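Chains, contacts and geometry: an overview
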Amino acid sequence: MESPPGAETVLDGRRYLYFGGTGYFGLHGHPAVVRAGVRAFLKYGTHSATSRAGFGTNPALLEVEARLREFFREDEAAYFGSGYLGSLVLAQALADRYDAVFMDEQAHFCIRDTAASPGKPVFRFRHRDPEDLAIKLRRRLTAGQRPFLLTDGVFPVFGRIAPVPEYAEVMAAYDGLIGLDDAHGVGVLGANGRGTLEHFGMKSPDLYFSGTLSKAFGGHGGFIVGKRRLIGRIRTAVGAYIGSTPTPTPIAAATAKGIEILLRHPEMRNRLRRNTAGLKKGLRSLGIEADDTPVPIVAWSMRTEKEMRGIQKDLMRRGIAVAYLKYVGAPAAGVLRLTVFSTHTAGQIRRLLEELAKIL
Ligand SMILES: Cc1ncc(COP(=O)(O)O)c(C=O)c1O
């Protein structure tokens, strides 16, 4: 990639109409985001060269946390190195409140890496299956034990949303906790872009999530928002937060600007919704299965890798880039995966559909 990711993106020297990745609002190359980064670079250099346990807190990091509080309307926010670390930070911060971890069998790599870290037993349940969760809870827990459920809020390959209301119902009997890796939900889902929980209209002291700033928000790094007690625990007891150099300062400043733009321009979310609905409708008319949620991701699989690579290549010849992926949650042969942005025009979406219709 030789330009910022956007509706048009330069790959290997050629400009493509781009339907890949996770830059859902095209903020990564937004002039105000870039300017904020450049200004901070000149003022602060690369980063603090000390962790936040020392002198490592700076105005750019604080601004990210202030914007997160504003965006999510929460008391406190903790900003750390990556979205990938989010589940780990959450699982460790809550470690004294549960006895066993239950994770979706297709959970993201970061949840798999996380699950065993607090040193409690880990059990898997079938993908997006509350009934199987109920069976596993019944079989695996002894009286009085409290479970912690870890799952993606939105699964990255097919863009499917976890059935959180059904999970909450099952978990209630055990007074269980739920933690979502909402990397693809935050900024996108819910009336205010607050993610999967807002999408379902859910709020409870037993529901938690982590998010990333590298996708919808156009920046980089991970975060958790919540009550003072939870965030205080992250700041004082979680190694990944205390013991690492914070996000490079220019990137933190750019990230704060990305959050601010999305906060001040709700119309961007409306455009993304419109584009998502338009693309999914068009794909369905081509015989591709696409659900009707507002997640701007569609993926489908074909019999062989060769077939899918052939389609990808054909589209690229026509100036359109879509991803062929092997990733957690994809079938062994892989998938073709499309994402749509708020910055795609109706004409660009039409062009993708027309070219696909010629190939499929
Ligand atoms: C579901 C999910 N969780 C976490 C991450 C990691 O986030 P980040 O790249 O911001 O570290 C990704 C992908 O990047 C993802 O798809």
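Residues numbered from 1 in each chain as written. Predicted model: local features only at pLDDT ≥ 70, side-chain atom pairs only at ≥ 80, totals over all residues. Heavy atoms only, no water.

This brings us to the domain arrangement of the chain. The domains assigned to the chain are domain 1 (8-19 + 265-359) and domain 2 (31-264). Relative placement of domain 1 and domain 2: their C-alpha centres are 27 Å apart. Together, the buried faces of domain 1 and domain 2 total about 1900 Å²; carbon and sulfur atoms form 63% of this surface. Summed over the three residues of domain 1 that lose the most area to domain 2, namely His265, Arg269 and Val328, the buried surface amounts to 34% of that side. Counting across the domain 1 and domain 2 interface gives 0 salt bridges. Across the contact surface, domain 1 and domain 2 share 6 residue pairs in polar contact (both at pLDDT 80 or more). (Domains from an automatic or database assignment. Buried area = accessible area lost by both parts, 1.4 Å probe. Salt bridge = Lys/Arg side-chain N within 4 Å of Asp/Glu carboxyl O. Polar contact = N/O pair within 3.5 Å; in protein donor to acceptor, adjacent residues only side chain to side chain.)

To continue, consider the packing of helix 5 (residues 130-140) against helix 6 (residues 164-172). Following both chains from N to C, one finds helix 5 and helix 6 inclined at 20°, their axes separated by 9 Å at the closest point. When the axes of helix 5 and helix 6 are compared, the pair comes out roughly parallel. Here the hand of the crossing between helix 5 and helix 6 comes out right-handed. Residues Pro130, Leu133, Ala134 and Leu137 of helix 5 touch helix 6, and the partners they reach there are Glu166, Tyr167, Val170 and Met171. Per-class residue counts for the contact of helix 5 with helix 6 are 7 nonpolar, no polar and 1 charged. (Axes fitted to C-alpha atoms, helices over the stretch in contact; angles between N-to-C directions. Helix = DSSP H or I, 4+ residues; strand = E, 2+ residues; numbered from the N terminus. Parallel < 35°, antiparallel > 145°, perpendicular 65-115°, else oblique. Left-handed = near helix turned anticlockwise from the far one by under 90°. Contact = heavy atoms within 4.5 Å. Nonpolar A, V, L, I, M, F, W, Y, C, P; charged D, E, K, R; others polar.)

Before going further, it helps to spend a moment on the nonpolar core. By size, the foremost hydrophobic cluster in this structure holds 56 residues, and its most contacted members are Phe25, Leu68, Phe72, Leu133 and Phe217. The dominant element in this core, judged by the number of residues it contributes, is helix 10 (residues 249-264), at 7 residues. Each of domain 1 (8-19 + 265-359) and domain 2 (31-264) gives at least three residues to this core. If sequence neighbours within four positions are ignored, phenylalanine 217 has contacts with Leu27, Phe71, Phe72, Val186, Gly187, Thr212, Gly258, Ile259 and Leu262. Of all hydrophobic cores here, the second largest spans 27 residues; its members include Ala78, Phe80, Met103 and Ala107. (Core = buried A, V, L, I, M, F, W, Y, C linked by side-chain atoms within 4.5 Å. Buried < 20%, exposed > 50% of the residue type's maximum accessible area, 1.4 Å probe, protein only.)

Looking now at the packing of aromatic side chains. Under the defined criterion, the tally for this structure stands at 10 aromatic pairs. Relative to phenylalanine 217, the ring of phenylalanine 72 lies with its centre 6.5 Å away and its plane at 55°, an arrangement referred to as tilted. Placement of the pair is phenylalanine 72 in helix 2 (residues 59-72) and phenylalanine 217 in the loop between strand 8 (207-212) and strand 9 (222-226), with a sequence separation of 145 residues. As far as the burial class goes, phenylalanine 72 and phenylalanine 217 line up, both buried. Residues phenylalanine 125 and tyrosine 167 carry aromatic rings whose centres are separated by 5.5 Å and whose planes lie at 80° to one another, so their mutual orientation is edge-to-face. Remark: tyrosine 167 occurs in helix 6 and phenylalanine 125 occurs in strand 5 (residues 122-125); sequence separation between them is 42 residues. Like phenylalanine 125, the residue tyrosine 167 is buried in the burial classification. One aromatic cluster in this structure is built from Phe71, Phe72, Phe209, Phe217 and Phe223. (Phe/Tyr/Trp six-rings, centres within 6.5 Å; stacked < 30°, edge-to-face > 60°.)

As summarised here, the arrangement of the 3 strands in space is 1-2-11, forming an open sheet in which the pairing is mixed. In the strand order of this sheet, the two ends are held by strand 1 (8-11) and strand 11 (320-321), each with one partner. The pairing of strand 1 with strand 2 (residues 14-18) spans 4 bridges and is antiparallel. Bridge pairing links valine 10 to arginine 15 in strand 2. (Pairing = 2+ DSSP bridges.)

This brings us to the site of the ligand. Neighbouring residues of the ligand: 14 residues in total, closest Asp181, His184, Thr212, Ser214 and Lys215. Note that a nitrogen atom of the ligand is positioned 2.5 Å from one of the side-chain N or O atoms of aspartate 181. Histidine 184 is positioned such that a nitrogen or oxygen atom in its side chain is 2.8 Å from an oxygen atom of the ligand. For the ligand, whose accessible area on its own is 380 Å², the fraction buried by protein is 86%. Residue composition of the shell around the ligand, grouped by class: 5 nonpolar, 6 polar and 3 charged. (Near = heavy atom within 4 Å. Areas by Shrake-Rupley, 256 points an atom, 1.4 Å probe, with all protein chains shown as cover.)

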